[in-house]
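Each chain is listed here by its residues.
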Amino acid sequence: MRQIALRSVRAHWGRLVLSVLAVLLGVAFMTGTLQLRAQLGGVFDKIVETSASGEAYVLGAQTLDAEGATSALMTGQGVRRNPVQASLVDTIEAADGVAGACPDYEGMMVLIGADGTPVAQSGATSYGIGYCRDYPYTQAAWVEGRAPAAAGEIGL
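Residues numbered from 1 in each chain as written. Predicted model: local features only at pLDDT ≥ 70, side-chain atom pairs only at ≥ 80, totals over all residues. Heavy atoms only, no water.

When helices and strands are tallied, the chain shows three helices and five strands. Ordering the α and β elements of the chain from the N terminus gives α-α-β-β-β-α-β-β. By the burial criterion, 9% of the 156 residues in the chain qualify as buried. Pairs at least 24 residues apart make up 26% of the contacts formed inside the chain by residues separated by at least 6 positions. Split by element, the accessible area of the chain, about 13,300 Å² in all, is 60% carbon and sulfur. (Helix = DSSP H or I, 4+ residues; strand = E, 2+ residues; numbered from the N terminus. Buried < 20%, exposed > 50% of the residue type's maximum accessible area, 1.4 Å probe, protein only. Contact = heavy atoms within 4.5 Å. Areas by Shrake-Rupley, 256 points an atom, 1.4 Å probe, with all protein chains shown as cover.)

Within this structure, the stated rule accounts for one salt bridge. With a shortest N-O distance of 2.9 Å, Glu-153 and Arg-146 are connected by a salt bridge. (Salt bridge = Lys/Arg side-chain N within 4 Å of Asp/Glu carboxyl O.)

Residues Val-9, Leu-16, Val-20 and Leu-24 make up a contiguous nonpolar surface patch of about 330 Å² in total accessible area. Among the elements that line the nonpolar patch, the one with the most residues is helix H2 (residues 13-51), at three residues. Topologically, Val-9 is positioned in helix H1 (residues 2-11). (Patch = residues over 30% accessible without salt bridge, like charges linked within 9 Å, V, L, I, M, F, W, Y side chains within 5 Å.)

Within the secondary structure, Glu-106 sits in strand E4 (residues 106-108). Each C-alpha atom, one on Glu-106 and one on Gly-130, is 6.2 Å from the other, the two residues being 24 residues apart in sequence. Not counting residues within four places of it along the chain, the set of residues in contact with Glu-106 comprises Tyr-127, Gly-128 and Ile-129.

Before going further, it helps to spend a moment on the confidence of the model for the chain. The share of residues in the chain with pLDDT of 70 or more is 77%, and the mean pLDDT across the chain is 77. At the level of individual helices and strands, the chain shows its lowest average pLDDT in strand E2 (residues 70-71), which scores 48, and its highest in H2, which scores 87. Predicted confidence is poor over residues 70-77, with pLDDT under 50, and the contacts of this stretch with residues over four places away or in other chains come to 11 contacts. (pLDDT = per-residue confidence, 0-100.)

Now the structure itself:
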């Protein structure tokens, strides 16, 4: 039996070398793919951890579809929820164990100049977010000037 196997290997040594090479390349590609997936998963987890501005969030009970109608099941991008009233901030802050609460105002915006016309912009669209001065999890870092402190002030 051994002589037959050795004779077959001698006769078809090219097939043996290519078969071994195919197995090695397959294992190498699979190992590389799994390693890349693990690294990207770790990067994504770190992005999520650093972009969270709090430890718990109060969300609306029902999801809304793109047109704003209530939807029983939505997954993926574009998922929105019924808004929570900003007047609940005081109630949430009064709950035991809550260090602070900040309403999350966000959406597309257009800056209007003193003359009532939109301020011209180039590049990406303007997006506005709310800012809470006394909120312990605020991640805003002011490059110049100061944070908004009174009603009617904004930061750019």
